[in-house]
Amino acid sequence: MSHGPSAPAHAHGHGGEAAPYVPVFTEGSARRRELDDLISRYPSRRAALLPALWMVQQDRGWISEDAMREVGEQLDCTAAYVKGVVTFYTMYHQHPVGRHFIQVCTTSPCLCAGADDVVKAFLEHTGCKELGLTSPDGKYTVIEVECLGACGFATPVQINEDYVECVTPEKVPGLLAALGD
Amino acid sequence: MSATKMVSLTIEGRAVSVPEGTTILEAAKAAGVLVPHYCYHPGLPVAGVCRMCLVEVEKFPKLAPSCATAVGEGQVVHVYSEKALEARKGVLELLLINHPLDCPICDQAGECELQDYTFQEGRADSRYREPKRFNPVEDFGGDVLYVTNRCILCTRCVRFMDDVHEAPVLCVSERGDRAVISKAADADLTQPWAANVIDLCPVGALVSKDFLNKARAWELDRTASVCPGCSQGCNTVLETRDNVVMRMKPRPNDAVNQFYLCDVGRLDYHWMNRADRLESPKIRLADVLSPVDWEIALGQAAEALRGRRAYVVASPQLSNEALFLLKRLIGATGGEGAFRCATGPEAPLPGVDDLALRADRAPNVRGAELLGFTRRDGDLLAGLKSGDVLVVAGDALDGVDLRRAVDAATVIVVGTVLPVGLPTPVAVLPIANVAEEEGTFTNLRGRVQRFLQAKAAPGLARPSWYALADLATAAGAPSDDCALPSRAFAALAAAEPAFSGMSYDALGLRGAVVAGAEVAR
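Residues numbered from 1 in each chain as written. Chains lettered and ligands numbered in written order. Predicted model: local features only at pLDDT ≥ 70, side-chain atom pairs only at ≥ 80, totals over all residues. Heavy atoms only, no water.

A. Broad picture of the sheet that holds strand β26 (residues 512-513) of chain B. Residue and element names in this part refer to chain B. In spatial order, the strands read β24-β25-β26; together these three strands make up an open sheet with antiparallel pairing. Looking at strand neighbours, the two that pair on one side only are β24 (439-442) and β26, the edges of this open sheet. As paired strands, β24 and strand β25 (residues 447-451) are joined by four bridges and run antiparallel to one another. Looking across to β25, one finds that Gly439 is bridged to Phe451. (Pairing = 2+ DSSP bridges. Helix = DSSP H or I, 4+ residues; strand = E, 2+ residues; numbered from the N terminus.)

B. Seen up close, helix α4 (residues 156-164) of chain B. Residues and elements named next belong to chain B. The element α4 is largely enclosed, with a buried count of seven among its nine residues. The complete set of buried residues in α4 reads Arg156, Cys157, Val158, Arg159, Phe160, Met161 and Val164. On its buried face, α4 sits against α3 (113-121), β8 (170-173), β9 (180-183), α5 (196-200) and β10 (206-208). After α4 finishes, the residue Glu166 shows a positive phi value of roughly 55°. (Buried < 20%, exposed > 50% of the residue type's maximum accessible area, 1.4 Å probe, protein only. Contact = heavy atoms within 4.5 Å.)

C. Up close: the pairing of β24 of chain B. Burial along β24 of chain B is two-sided: the residues Gly439 and Phe441 of chain B and Thr440 and Thr442 of chain B are all buried. Turn length for the β24 of chain B-β25 of chain B hairpin, with the two strands adjacent in sequence and antiparallel, is four residues, and the turn residue Gly446 of chain B shows positive phi of about 85°.

D. Main features of the packing of aromatic side chains. The tally for this structure, following the rule as stated, stands at eleven aromatic pairs over all chains. Judged by centre distance (5.5 Å) and plane angle (70°), the ring pair of Tyr38 of chain B and Tyr117 of chain B falls under edge-to-face. One end of the pair, Tyr38 of chain B, is in the loop between α1 (24-30) and β3 (54-57); the other, Tyr117 of chain B, is in helix α3, with 79 residues separating them in the sequence. Neither residue differs from the other here; Tyr38 of chain B and Tyr117 of chain B are each classed as buried. Over the face of the ring belonging to Tyr81 of chain A we find Arg46 of chain A, whose NZ or CZ atom lies 4.1 Å from the ring centre. In this structure, Arg247 of chain B is placed above the aromatic ring of Phe211 of chain B, and the distance from its NZ or CZ to the ring centre is 4.1 Å. (Phe/Tyr/Trp six-rings, centres within 6.5 Å; stacked < 30°, edge-to-face > 60°. Lys NZ or Arg CZ within 6 Å of the ring centre and 35° of its normal.)

E. Molecular detail of the packing of helix α8 (residues 320-333) of chain B against helix α11 (residues 485-495) of chain B. Residues and elements named next belong to chain B. Close contact between α8 and α11 brings their axes to 9 Å; oriented N to C, the two are set at 60°. Classified by the angle their axes make, α8 and α11 are oblique. In this structure, α8 meets α11 at a crossing whose hand is left-handed. Residues Asn320, Glu321, Phe324 and Arg328 of α8 form the contact with α11, whose own contacting residues are Pro485, Ala488, Phe489, Ala491, Leu492 and Ala495. (Axes fitted to C-alpha atoms, helices over the stretch in contact; angles between N-to-C directions. Parallel < 35°, antiparallel > 145°, perpendicular 65-115°, else oblique. Left-handed = near helix turned anticlockwise from the far one by under 90°.)

F. Expanded view of the interface of chain A and chain B. Counting residues at the interface gives twelve residues for chain A, matched by 14 residues for chain B. Carbon and sulfur atoms make up 52% of the area that chain A and chain B hide from each other, which totals about 980 Å². The largest share of the area that chain A buries against chain B comes from Ala80, Lys83 and Phe88 of chain A, three residues that together contribute 43% of it. Connecting chain A to chain B are one salt bridge. (Buried area = accessible area lost by both parts, 1.4 Å probe. Salt bridge = Lys/Arg side-chain N within 4 Å of Asp/Glu carboxyl O.)

G. Quick look at the confidence of the model for chain B. On average, residues of chain B carry a pLDDT of 94, and 98% of them reach 70 or more. As a predicted assembly, this complex carries a pTM of 0.90 together with an ipTM value of 0.80. (pLDDT = per-residue confidence, 0-100.)

H. Quick peek at the nonpolar core. Residues and elements named next belong to chain B. Tyr38, Leu114, Phe160, Met161, Leu170, Leu189 and Tyr260 are the most contacted members of the largest nonpolar core, which totals 67 residues. Breaking this core down by element, the ones donating at least two residues are α2 (82-95), α3, β7 (144-146), α4, β8, β9, α5 and β13 (244-250). For this core, the element with the highest residue contribution is α4, accounting for five residues. Leave out the neighbours within four places in its chain, and Phe160 touches Leu44, His165, Glu166, Trp193, Asn196, Val197, Leu200, Tyr260 and Leu349. Ranked by size, the runner-up nonpolar core spans 55 residues in total, among them Ala310, Phe324, Val414 and Ala493. (Core = buried A, V, L, I, M, F, W, Y, C linked by side-chain atoms within 4.5 Å.)

Encoded structure:
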């Protein structure tokens, strides 16, 4: 089950594809050992829900309804309960996203520093039609986020796990080129 | 276990004493004070999410949610103080921010707690000037439609499905102003008791597809009744408009169905309105049925019964009173009585003791047994002897092979519709159905429960106890002690040891258990 973090965007197209769901936490897998280890630290299995969902998202890029069911089965809670949690937190993706998930800070200080133009530049150069939509090549998804906590370095942008500070519209094409595929 | 400790407190100036651990809201109810609330429901676990039940408690630093605060000795509670009213006014204003205020087209209007409390203590207008959030209506499956925009997220439906139905398919999805009630993937509300979420919903968010746009709540006349769908005998309210039953809702009774009614029972009322009914007594003239007066039809029936044995097939849909009068008829003619009952799979409601949609799909199986009718699910006509008069009472022949009925020289029908495939009866006596008359049923635990008349019977149809008292009299079993349903029941109670001491007054609308019945099996 070695899905790299960059694999899922193609594998899961929008709208219920027929391919059967492949579980993340299969018996004997590294992920399963990791999860079991986590569970052993908590008084109840469901306490490990948030990290379990992170594992799914790291492996698959997003959390499908099948994945919610699998996590529910692993942690003795219902698919409905897992859905409530997944949808509560905005950082869990309920749809496939691009391989490079670009979050532009648009809270007040960054807006003053021209974050709006940074957003426009990203949308233009990635080919994403709208905030939240993935580019046709599956490479990029751009969204706005609330404060990334780097107001001194406006405008900060988070791409997957990495921060890029002091981004201006002019820097965007170079940034994207450096991301590679 | 030690005796429960009692706690005394004052609510709105009324002294009240309740067991330790009672919540302020429940204590107020005991004192006769209604604390406005949405998420609290006596049948569900406490959630404390709606903030509508905030009350002022003296010496508390801030207002307390009364549904989740236990009483304390000597507490002084103010439900309608300025501070409490101000807080609840704020709660209501927030609840209404995204509410569409579409009361004119909402089925809940008139029985909506959001409407009631806003009228009672909310603001007359809103200060909110932004566009309202919009979400589309969602079909939740079964009988349930979710009108997202009206939802106040009290989570009663989620808790009912989780804790009472034990089929946890609902959740609160998203958060903040985007939050909505949502179903798990591939799940829907087709579980046998799921439609109770419609009754539990305090606003118009969960509405019945069956009742959708059918009637306004304030146009409906409400009548206490008992669900005729199975032998559980859930207490119900029949809601009628212009002599038509528009819907059937559960009526709380802790001893039988708590607050609930299964979907099968709830939706099985349309037959009460069927239009192809027997409306006039009829007799056979030259092998054709002709409408006649009651007296002539009764005379014809008595003539047919003279010197013959009556083989009575009775419907377990008939009341105890009707079955008792049939028993008199059987006694007078030396005959016998039988019944059959349709069956289906049993469907319990897991969170409530001894509550299920029962396998026996008729309300008075126990009553028929207690009154000496033999259950013959296989061949209902097995006891029919040559020369017998076959008396078909109630609509007892649904699903019965009628070829043997030809053996009976004469047939008398006492029913709401004419059975198909039967030899032409000598006399037909039209009777009222369960919605059109008064009577009692005995449920499977032996609880005798009254149902009242919700609508008028068609044409010349008479209540079953009325028609059968006349028939018994005509057949030589004088029944003029049965001139009212209450008197028919009194005669039954006097004659049958199991019903000894019972009367309509004593039964009330909660019922009582027959002598010798085990309370729970």
